[in-house]
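# Understanding the architecture of this molecule
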Amino acid sequence: MSVFGNEPRQRVIQEYVPGKQVTLAHVIASPQQGLYLKLGLDGETAGALGILTITPSEGVIIAADIATKAASVEIGFLDRFGGSLVLVGDVASVEASLKAVLGYFDDVLQYAVVGLTRS
């Protein structure tokens, strides 16, 4: 006999479905040289790093477009399947580009966004 009497057991399956969100926006102002190499970036021309993670992951394509138009930054890495974007440039440009992305995703695309952090 079941714990629930004669009632059949019900199986509940919970699944996490991410919404429209920017989950990380961070500036690394002065990264260690080894970090560029581990990321496969040119350590001689690199400056600050900007890191974004976005769901759905296709949003990084939009973010890369906005970021490169907003300031003098280069795309260090873009993963359209995982939703991560790494930008490279001077500190002010990286910060300006991330602020532009966050503003657009918040105001226009109605994403939930996090605050910009810096180390």
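Up top is the structure these notes are about.
Let me sum up the structure you'll find in this document. (Residues numbered from 1 in each chain as written. Predicted model: local features only at pLDDT ≥ 70, side-chain atom pairs only at ≥ 80, totals over all residues. Heavy atoms only, no water.)

This part takes up the overall build of the protein chain. Within the protein chain one finds three helices and six strands. Its helices and strands taken in sequence order, the protein chain reads β-α-β-α-β-β-α-β-β from the N to the C terminus. The 119 residues of the protein chain split such that 34% are buried. For the protein chain, the proportion of contacts with a sequence separation of at least 24, taken over those separated by at least 6, is 60%. (Helix = DSSP H or I, 4+ residues; strand = E, 2+ residues; numbered from the N terminus. Buried < 20%, exposed > 50% of the residue type's maximum accessible area, 1.4 Å probe, protein only. Contact = heavy atoms within 4.5 Å.)

The next point concerns the packing of aromatic side chains. According to the stated counting rule, one finds two aromatic pairs in the structure shown. For the ring pair Y104 and F105, a centre distance of 6.4 Å and an interplane angle of 70° mean the geometry is edge-to-face. The exposure class assigned to Y104 is partly exposed, which follows from its relative accessible area of 33%. Residue classification places F105 among the buried residues on the basis of a relative accessible area of 0%. Taken together, the ring pairs connect Y104, F105 and Y111 into an aromatic cluster. (Phe/Tyr/Trp six-rings, centres within 6.5 Å; stacked < 30°, edge-to-face > 60°.)

On to the nonpolar core, then. Nonpolar side chains tend toward joint burial in soluble globular proteins. Membership of the largest hydrophobic core comes to 20 residues, with the highest contact counts inside it found for V22, L52, I54, A63, L85, V101 and F105. Looking at this core, the elements with two or more residues in it are β1 (21–28), β2 (48–55), α2 (59–70), β4 (84–89) and α3 (91–107). Filtering out sequence-adjacent residues up to four positions away, V101 remains in contact with L52, A63, I66 and A67. Counting six residues, the second largest nonpolar core, distinct from the first, contains Y36, L41, V86 and V88. (Core = buried A, V, L, I, M, F, W, Y, C linked by side-chain atoms within 4.5 Å.)

Quick look at unusual backbone geometry now. The linkage connecting T55 with the following residue, P56, adopts the cis geometry, with an omega of -5°. Tracing the backbone shows P56 in the loop between β2 and α2. A positive phi angle, close to 60°, is found at Q110, a residue other than glycine. For Q110, the location among the structural elements is in the loop between α3 and β5 (112–113).

A surface patch of nonpolar side chains, amounting to about 240 Å² of accessible area, comprises I61, I75 and L78. For I61, the position within the fold is in helix α2. (Patch = residues over 30% accessible without salt bridge, like charges linked within 9 Å, V, L, I, M, F, W, Y side chains within 5 Å. Areas by Shrake-Rupley, 256 points an atom, 1.4 Å probe, with all protein chains shown as cover. Salt bridge = Lys/Arg side-chain N within 4 Å of Asp/Glu carboxyl O.)

Quick reminder: α-helices carry 3.6 residues per turn. Residues three or four places apart thus point the same way. Helix length check: α2 (12 residues) gives 16 Å between terminal C-alpha atoms against 16 Å at 1.5 Å per residue, within 8%. Where α2 is concerned, the buried positions are G59, V60, A63, A64, I66 and A67. Where the residues of α2 are buried, they touch β2, β3 (73–79), β4 and α3. (Expected span 1.5 Å × (residues − 1).)

Coordinates in, geometry out; function isn't part of it.
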